[in-house]
Amino acid sequence: MSSLTGTVAFFDVGGTLASVALSPDGDRIADLAVYADVPEVLADLRRRGAWVGIVSDPGPVPHEEVDRALQDAGLGGLLDPDLVVYGAKDSPQVFETALARAGAVDRALFVGEDAAERAHALAAGLLVAPHPRLAVAVLEERARLRHLRVEVPAAGAGADPWVALRDLPLLPLHVTGPAGTTVLAIGTSSAAARLEERGFEVDPLGAEDEPLTTDLYLLRDDRRVDSGFLVPDGDPRPPSATAPAAPAVLAATDDGLLVAVPAGRSVEAFHGGATRHGHDLKLSPIAWPAGADDTGAGLAAAPATAVPATVTPAEQEVLDAGIRPEHLTTHLGRYTGTAPAGADGSLLTSRHVRHPDNRAAVTALVADLERIGRGRFLVRRHAFPHEGRRPENVEAEFPGRGLDGVVLVTAHMDSTGARQPDYRPEADPAPGADDDASGVAGVLAAAEVFGTLDGASGAPRRTVRFVLFNAEEQGLVGSSAYARDQARLGTPIVAVLQMDMIGWDSGSGRTFELHAGFSGSQAVQQRSLALARTIAALVPQVSPALPAPQLYPHDGEVDPGEARSDHHSFQAVGYPACLVSEDLFAGPGPSAPPADMNPQYHLPSDVSIDAGYAADIARLVTAAAWVTATR
């Protein structure tokens, strides 16, 4: 074991060492749960002689409360108290303070998931790493980090190829390829060499140290039809490619472009006008590829076949009465600026993650869910790092009674108007009525009805969570942070039902879609399909005005909605999940009707929905969540 005497490693807390849930007011820690792999990383550093500290911004949470939470979580004995530093990480200043505290050290490291924070730490003179898994390698060897594309050898496809990756300084970000045998990762040169020795094909992407101050994104090439982008006789440059600090294009893949977006730049600056739903995907550290095994906390407990999809007459009556068009219209108004969102009478003009009203929307959601729960819900905020900010997801947990497992009913709460020319996210309106205030309204309606169903039934029930994700429009960022937390904590999630754009229907057929495809793992896809089939089977009973859904994947085709909404974040870490949406894509099959895409998508003119259509879909999703939680 090499010595690290004379070195120090500073860690961020939330999203790096632990999952942190905040109180409804956001000024207290409701729960700090340390990830299972973290104590060994910190203990290993200390055994090697390194000092271990914290650099974290607790916001309005009192510093002494963070100290107490770290102590209660068992980290106190692994930290050097004099090296616990709190403060804003929006400049090098707090990192300079941390270095001064450490005194004369040979080298110092900051470990945190946010690229903007790592850039400030680097400017202050620290080494940086994006994840605890890479801490020892970077501190010990001053190892250079690089984006890597790793192809599993053919001989390993039938075995467990991921075993060879687990003991290396390698951080998996994304699994892709027809059989889920391509891994995009961050790793050291030594990790790449050892993989090649074991028969893996390793392709370095971009330049050395690029992962230190960039975020990796997948940009879909949907726009190539209109712009000529990525076709032989078209424009070879993506929109804005010549702008200052444009992203470095690392590779062109079947999924789209892999680009490294530098700290201080938003991926939304590269938003194309012809992109379809879910155009960008931020590639963040996953707990481990879902294909690594089929015994995850959620997958092992999730049914492999559809849950018996029958509701009783009494349940049907509650669902019919509790989720009506007027209910969704009322919820929608508060989040699109046509009705006051808070007690002060203020109106929301945007829910964009960079707009001031985003935080007001979070506060309004907390208040709505506390009111709906009437003391029965545990309402919490889940903060995560993104572009130098700390946006928050909102979670309301309805504790279970007698049955194991957790069912999630979800939507994303943020919005954007990025298709508008010269759009300014910090100031311009983005009501996002369909995308995705319609889903938010559906989740709130489901939460209201669940209390009535539960009170009337009294039957055993799994825990149910109503979760609204932030920064979805930036590449599924909030749901990815949340899903990775749950996977690392071993939460037994058995179903995720995501509503994203359920309010637009311009045709006479009232078509809608279910997306369950996930090429990274056949086991995850099959259980996601079982969930989708439960939803489909409930249509005649619960929402007979809807036709049978368009169910993906279909007849061997790749699901066009794969990795394009928050359900993917859960599939990527091994949980079964399904997206429910309006008719976003053409198909499935050659005889299916064309897509019925909302023409106001990502424009400030997205101000209304078909409330009757949305209510039918929300009622159906609520029924599926109820039977999954109780059968």
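Worth saying up front: this structure is predicted, and the values here are computed from it rather than measured.

Within the chain one finds 16 helices and 23 strands. The C-alpha radius of gyration of the chain comes to 24 Å, within 12% of the 25 Å expected for a compact globule of 631 residues. Looking at the chain as a whole, 61% of its 631 residues are labelled buried. When contacts within the chain are restricted to residue pairs at least 6 apart in sequence, long-range pairs at least 24 apart make up 78% of them.

Attention shifts here to helix H10 (residues 325–336). Taking 1.5 Å per residue, twelve residues should reach 16 Å; H10 reaches 16 Å between its end C-alpha atoms and fits that length. Just downstream of H10 lies Gly-337, where phi reads positive at about 90 degrees.

For the rest of this paragraph, the subject is the environment of Pro-429. Within the fold, Pro-429 resides in the loop between strand E18 (402–412) and helix H12 (433–457). For the pair formed by Pro-429 and Gly-520, sequence separation is 91 residues and the distance between their alpha carbons is 37 Å. Apart from residues no more than four positions distant in its own chain, Pro-429 is found in contact with Thr-349, Ser-350, Tyr-423 and Pro-604.

Across the sheet, which stays open at both edges, the four strands sit in the order E13-E14-E12-E15 with antiparallel pairing between neighbours. At either end of the open sheet lies a strand with only one pairing partner, and these are strand E13 (248–252) and strand E15 (280–282). The sheet shows a mean angle of 25 degrees between the axes of neighbouring strands, direction not considered.

It is worth spelling out empty space enclosed by the protein at this point. If you walk through the whole model with that rule in mind, you get five cavities of 30 Å³ or more. Its volume calculated, the largest cavity comes out at about 260 Å³. Looking at the largest cavity, it is lined by 25 residues, and the ones nearest its centre are Glu-113, Asp-215, Lys-282, Ser-284 and Pro-285. The residue makeup of the lining of the largest cavity, split by class, is 14 nonpolar, five polar and six charged. Roughly 130 Å³ of internal volume is contained in the second largest cavity.

A few words now on the packing of aromatic side chains. Remark: the centre distance and the inter-plane angle together describe each pair of aromatic rings, the angle taken between the planes. Under the counting rule described, the total for this entry stands at nine aromatic pairs. Ring geometry for Phe-450 against Phe-466: centres 5.6 Å apart, planes inclined by 75 degrees, an arrangement best described as edge-to-face. Of the two residues, Phe-450 sits in helix H12 while Phe-466 sits in strand E19 (residues 461–469), which places them 16 residues apart along the sequence. Residue class for Phe-466 comes out buried when judged on its relative accessible area of 0%. Three or more aromatic residues joined by ring pairs form one cluster here, namely Phe-377, Phe-398, Phe-450, Phe-466 and Trp-626. Above the face of the Phe-398 ring, Arg-461 is positioned so that its terminal group lies 4.1 Å from the ring centre. Arg-488 extends its terminal NZ or CZ atom over the ring of Tyr-35, reaching a point 3.7 Å from the ring centre.

The subject of this paragraph is the pattern of salt bridges. Counting across every chain of the model gives 34 salt bridges. Between Arg-371 and Glu-448 there is a salt bridge whose closest N-O contact spans 3.9 Å. Pair noted here: Arg-371 is in helix H11 (residues 357–373) and Glu-448 is in helix H12, with a separation of 77 residues, a long-range link. Through salt bridges with shared partners, a single ionic network connects Glu-40, Asp-44, Arg-47, Arg-48 and Glu-140.

Looking at where Thr-16 falls in the secondary structure, it is placed in the loop between strand E1 (7–11) and strand E2 (18–22). If near-sequence neighbours (up to four positions away) are discounted, Thr-16 is found in contact with Phe-11, Tyr-35, Val-38, Val-111, Gly-112, Glu-113, Pro-132 and Arg-488.

Read from one edge of the open sheet, four strands run E9-E10-E8-E11, paired in antiparallel fashion. Pairing within the sheet leaves two strands with one partner each, and these edge strands are strand E9 (170–176) and strand E11 (201–205). Averaged over all neighbouring strand pairs, the angle between strand axes comes to 30 degrees, with direction disregarded. Pairing geometry for strand E8 (residues 145–151) and strand E10 (residues 182–188), over seven bridges, is antiparallel. Looking at the pairing, Leu-145 lines up with Thr-188 of E10. Seen against the sheet, helix H7 (residues 189–197) touches E8, E9, E10 and E11 and runs at an angle of roughly 135 degrees to E10.

With that settled, consider the confidence of the model for the chain. Mean pLDDT for the chain: 91, with 92% of residues reaching 70 or above. This model gives residues 225–244 a pLDDT under 50, and the stretch forms 26 contacts once residues within four places in sequence are excluded.

Attention now moves to unusual backbone geometry. Backbone torsion omega between Tyr-552 and Pro-553 reads 0 degrees, so that peptide bond is classified as cis. Here Pro-553 shows up in the loop between strand E22 (550–552) and helix H15 (567–571). If you check the backbone angles, Arg-510 has positive phi at about 55 degrees while not being a glycine. Mapped onto the elements of the fold, Arg-510 is located in the loop between strand E20 (493–499) and strand E21 (512–515). Judged by its relative accessible area of 19%, Arg-510 is buried. We note that His-602 has phi near 60 degrees; this positive angle belongs to a residue other than glycine. Secondary-structure assignment places His-602 in the loop between strand E23 (577–582) and helix H16 (611–630).

About the cut-offs
Residues numbered from 1 in each chain as written. Predicted model: local features only at pLDDT ≥ 70, side-chain atom pairs only at ≥ 80, totals over all residues. Heavy atoms only, no water. Helix = DSSP H or I, 4+ residues; strand = E, 2+ residues; numbered from the N terminus. Rg over C-alpha atoms; globule rule 2.2 N^0.38 Å. Buried < 20%, exposed > 50% of the residue type's maximum accessible area, 1.4 Å probe, protein only. Contact = heavy atoms within 4.5 Å. Expected span 1.5 Å × (residues − 1). Pairing = 2+ DSSP bridges. Axes fitted to C-alpha atoms, helices over the stretch in contact; angles between N-to-C directions. 1 Å grid on protein atoms, 1.4 Å probe; cavity = no way out; pocket = protein on both sides within 12 Å on 5 of 7 lines; lining within 4 Å. Points joined across faces, edges and corners; volume = space filled by probe spheres on them. Nonpolar A, V, L, I, M, F, W, Y, C, P; charged D, E, K, R; others polar. Phe/Tyr/Trp six-rings, centres within 6.5 Å; stacked < 30°, edge-to-face > 60°. Lys NZ or Arg CZ within 6 Å of the ring centre and 35° of its normal. Salt bridge = Lys/Arg side-chain N within 4 Å of Asp/Glu carboxyl O. pLDDT = per-residue confidence, 0-100.

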